[in-house]
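Residue-level structural notes
The lines below spell out each chain.
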Amino acid sequence: MSVKACHSITHQLHQLLISAQQVDDHIMKRADSLLQEREDLLPSIVPPFTEEEKMLGAEMNKWNQVINLKMKALKGLIQRDINGLNKTKVTAQKYNNPFESLQTDGMFYDKRN
């Protein structure tokens with residue numbers, strides 16, 4: 001019973017990530033809820049397994065490999081967006097106050113004396 005439910009959730013997660021072309025809040029929230037549901041089911045999956053459950057487990061392992069790759073790709077996209085926002089923030093701050101980053105110690109050296 002638990003293996004079939006976990007298989008169903010893994011299939012939904014796999015389909016969601018395969019169809020995702022870009023990162024948005026809906027996809028991230030849905031993926032997070034599916035991952036949480038699957039995590040809650042994992043402790044209830046205990047051996048011995050029937051032949052059908054073994055086949056479902058093998059299929060889930062294949063899907064998990066694809067899911068892991070897609071999650072890493074989404075993480076990269078999110079990280080790229082964060083880095084872009086940070087660069088934009090720094091650039092805007094330098095534009096608003098161009099002399100903020102100059103380092104001066106407040107001393108003037110006169111070579112004549």
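Right, let's walk through the structure included here. (Residues numbered from 1 in each chain as written. Predicted model: local features only at pLDDT ≥ 70, side-chain atom pairs only at ≥ 80, totals over all residues. Heavy atoms only, no water.)

Moving on, we get to the layout of surface pockets. When its volume is computed, the largest pocket comes out at roughly 150 Å³. In terms of lining, the largest pocket is formed by 13 residues, of which the most central are C6, L42, I45, G57 and M60. Here the element with the most residues in the lining of the largest pocket is helix α3 (residues 51–96); it accounts for 6 residues. Among the residues making up the lining of the largest pocket, the classes are represented as 6 nonpolar, 4 polar and 3 charged. (1 Å grid on protein atoms, 1.4 Å probe; cavity = no way out; pocket = protein on both sides within 12 Å on 5 of 7 lines; lining within 4 Å. Points joined across faces, edges and corners; volume = space filled by probe spheres on them. Helix = DSSP H or I, 4+ residues; strand = E, 2+ residues; numbered from the N terminus. Nonpolar A, V, L, I, M, F, W, Y, C, P; charged D, E, K, R; others polar.)

Take α3 next. Between its first and last C-alpha, α3 extends 67 Å over 46 residues, near the 68 Å set by a 1.5 Å rise per residue. Along α3, the residues classified as buried are E53, L56, M60, W63, I67 and L74. (Expected span 1.5 Å × (residues − 1). Buried < 20%, exposed > 50% of the residue type's maximum accessible area, 1.4 Å probe, protein only.)

Turning our attention to the packing of helix α1 (residues 2–19) against α3. Between α1 and α3, whose axes approach to 9 Å, the crossing angle comes to 30°. Looking at the two axes, α1 sits roughly parallel to α3. Crossing angle aside, the handedness with which α1 passes α3 is left-handed. The residues of α3 that touch α1, namely those facing V3, K4, C6, H7, T10, H11, L13, H14, L17 and I18, are E52, E53, L56, E59, M60, W63, N64, V66, I67, K70, M71 and L74. Taken together, the residues that form the contact of α1 with α3 break down as 12 nonpolar, 5 polar and 5 charged. (Axes fitted to C-alpha atoms, helices over the stretch in contact; angles between N-to-C directions. Parallel < 35°, antiparallel > 145°, perpendicular 65-115°, else oblique. Left-handed = near helix turned anticlockwise from the far one by under 90°. Contact = heavy atoms within 4.5 Å.)

A separate point is the nonpolar core. Soluble globular proteins tend to pack their nonpolar side chains together in the buried interior. By size, the foremost hydrophobic cluster in this structure holds 15 residues, and its most contacted members are L13, L16, L17 and L34. When contributions to this core are tallied by element, the ones reaching two or more residues are α1, α2 (25–41) and α3. When residues of this core are assigned to their parent elements, the largest contribution, 6 residues, is made by α1. Residues contacting L34, with those up to four places away along its chain left out, are I9, Q12, L13 and L16. (Core = buried A, V, L, I, M, F, W, Y, C linked by side-chain atoms within 4.5 Å.)

The tally for this structure, following the rule as stated, stands at 3 salt bridges. A salt bridge links E52 to K4; the shortest N-O distance between them is 3.7 Å. One end of the pair, E52, is in helix α3; the other, K4, is in helix α1, and 48 residues separate them in sequence. On the accessibility criterion, E52 (43% relative accessible area) is partly exposed. Between R80 and D81 there is a salt bridge, with the nearest N and O atoms lying 3.9 Å from each other. (Salt bridge = Lys/Arg side-chain N within 4 Å of Asp/Glu carboxyl O.)

Geometric descriptors of this kind do not, in isolation, establish any biological role.
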